[in-house]
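Structural description and commentary
If you want the building blocks of each chain, they are given just below.
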Amino acid sequence: MLSFRGTDNVRELAIPWRFSLTQTYDPKQNPTGLISFGLAENVSISPQSGNQRLTSKQKPMRAEIARYINEKVDIPDVVFTKDSISYRSSAPTAARLPAAAAVHLNNILKPHAPIDPEHIFVADSATSLGSMLGYNIAERGDGILVSRPIYGRFELDYGVEAGVTMVYADTATEEAFSPASVEKYELAFQAAKEQGKQIRAVLLVNPHNPVGRCYPVETLKAIARFCSRHNLHLISDEVYASCVFDSSDPQAVPFTSILSLDFTGLIDPNLVHVLYGFSKDFASGGLHLGFLVTQNQQLRQACKAILRLHGASQAAVTIGTAILEDQAFVSSFTAKARQNLASAYRLITSVLNKEGINYVKGGNAGFFVYIDLSPYLPVDAALSPRLREFALAQRLVDAGVFLHPGEEHSQDVGWFRLVFSQEEETLKEGLNRLLSVLKSA
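Naming follows an unreviewed UniProt entry, where the protein chain appears as Pyridoxal phosphate-dependent transferase major region subdomain 2 of Penicillium cf. griseofulvum.

As a further point, take the pairing of strand 4 (residues 165–169). With four of five residues buried, strand 4 is to be regarded as a mostly interior element. Of the strand pairs in this sheet, strand 3 (residues 143–147) and strand 4 are connected by five bridges, and their pairing is parallel. Within strand 4, the residue paired with Val-146 across the bridge is Tyr-168. Viewed along the sheet, the connection from strand 3 through helix 6 (residues 154–159) into strand 4 turns out right-handed.

Right, let's get into the side chain of Glu-238. Mapped onto the secondary structure, Glu-238 falls in the loop between strand 6 (233–237) and strand 7 (272–277). A distance of 2.7 Å separates a polar atom in the side chain of Glu-238 from a polar atom in the side chain of Ser-236. Apart from the residues within four sequence positions on either side, Glu-238 is in contact with Leu-109, Asn-206, Phe-255, Ser-257, Ile-258, Val-274, Leu-275 and Tyr-276.

Moving on, we get to the packing of aromatic side chains. Following the criterion strictly, the structure yields 20 aromatic pairs and no others. Consider the rings of Phe-189 and Phe-226, whose centres lie 6.2 Å apart with planes at 85°: the pair is edge-to-face. Taken together, the positions of Phe-189 in helix 7 (residues 181–194) and Phe-226 in helix 8 (residues 217–230) put the pair 37 residues apart, joining distant regions of the chain. Phe-226 matches Phe-189 in its accessibility class, with the two residues each being buried. Aromatic side chains Phe-245 and Phe-420 sit 6.3 Å apart centroid to centroid with 90° between the ring planes, which places their arrangement in the edge-to-face category. Of this pair, Phe-245 sits in the loop between strand 6 and strand 7 while Phe-420 sits in the loop between strand 11 (415–419) and helix 13 (424–439), placing them 175 residues apart in sequence. Connected via pairs of aromatic rings, a cluster forms that spans Tyr-68, Tyr-276, Phe-278, Phe-282, Phe-291, Phe-329 and Phe-333. Positioned above the aromatic ring of Phe-177, the side-chain terminus of Arg-213 is 4.8 Å from the ring centre.

We now examine the state of the cysteines. In the structure shown here, the tally under the stated rule is zero disulfides. With no disulfide of its own, Cys-227 lies closest to Cys-303 among cysteine sulfurs, the gap being 18 Å. The class of Cys-227 is buried, set by a relative accessible area of 0%. Residue classification places Cys-303 among the buried residues on the basis of a relative accessible area of 0%.

Cut-offs and rules
Residues numbered from 1 in each chain as written. Predicted model: local features only at pLDDT ≥ 70, side-chain atom pairs only at ≥ 80, totals over all residues. Heavy atoms only, no water. Buried < 20%, exposed > 50% of the residue type's maximum accessible area, 1.4 Å probe, protein only. Helix = DSSP H or I, 4+ residues; strand = E, 2+ residues; numbered from the N terminus. Pairing = 2+ DSSP bridges. Right-handed = clockwise from strand over helix to strand, strands pointing away. Polar contact = N/O pair within 3.5 Å; in protein donor to acceptor, adjacent residues only side chain to side chain. Contact = heavy atoms within 4.5 Å. Phe/Tyr/Trp six-rings, centres within 6.5 Å; stacked < 30°, edge-to-face > 60°. Lys NZ or Arg CZ within 6 Å of the ring centre and 35° of its normal. Disulfide = S-S within 2.5 Å.

Laid out in structure tokens, this is it:
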């Protein structure tokens, strides 16, 4: 009944714990609902917004964006004209968005060579752009090289449509941020070659998901040289570029975009591609707006050929343009978000330190802490290591808190990504539920 592709995709849905559970907790309307520490979105409270006029379903940082859109974006006059709802929109925002995005990305990425609006390709999300990249730089069955641990849903982003697989370099967590990681990349590259699998690219997430750290400059250069040596594309997913905060950790590495490097003698600029979007920095995953930054004209044309399957709506384009053209608002919103993330990070790490729960230190970015719950896995010789991790996840869900098991591809079993970008009351309640399970283990 189905193609091989369709059948394979159906199997993806059947993989245990593949997808995050939805948060249903509300302190007033559903106090026994599930608290999810698995979905990476910024719903932390904004100090300026308070709780005024917020419904139980609204999330404060998102509410601030929604308030801005309602007050500042002229939807009726700009979007819903006869041109903007046609197949080929001639609305002025379609032409203005790349220029506005270039200004914003030049501000936050600090590229060595200024980003030209012509080098920005707009689609409906960074996720779609990942799929488009996989489709256009690799053949079905080819591989993209990533370190461990890594965001687990890349397997879906690059695999569901493009049929490209993730090939894991067996790095330890600390090792992944060291120039020495290139040795593990090389081993994985050669092993794939011996198995007849063609590696087409290296994929980085910087700032990193799930570890919440940034790559040092020397590591970025070492990985770029590795890609150049093997003529591989270098994809840098930088969707958390503005989600960098002061964690008070002197060992924390500041964020450096791959575009801030001088590519002269390092790598062909046509091999370097950056992904960015509204989902993280602007707490607006539902807006569906993403950007690919690349000097590779042929790649941009190849993406354009399939854009009809992944195009952003004119409403999203208009809203995104209005936000990015107002850099004063962007600066204010970013400052608030960073303050909130720093507060939440300090809260979560203080609890982890007090309870003696190990986690990766040096975090200063993103919405998560990578924690080691291996001492709390059930002791059951009948269960495989991964099933022991699943069993702990089920105990947590039974207690009303969700942590995603097995999706970040750590070499060691028992590591979980804990998303802390919640309102403080929710975060504390979720931690209490988590600790009650661990203490009863």
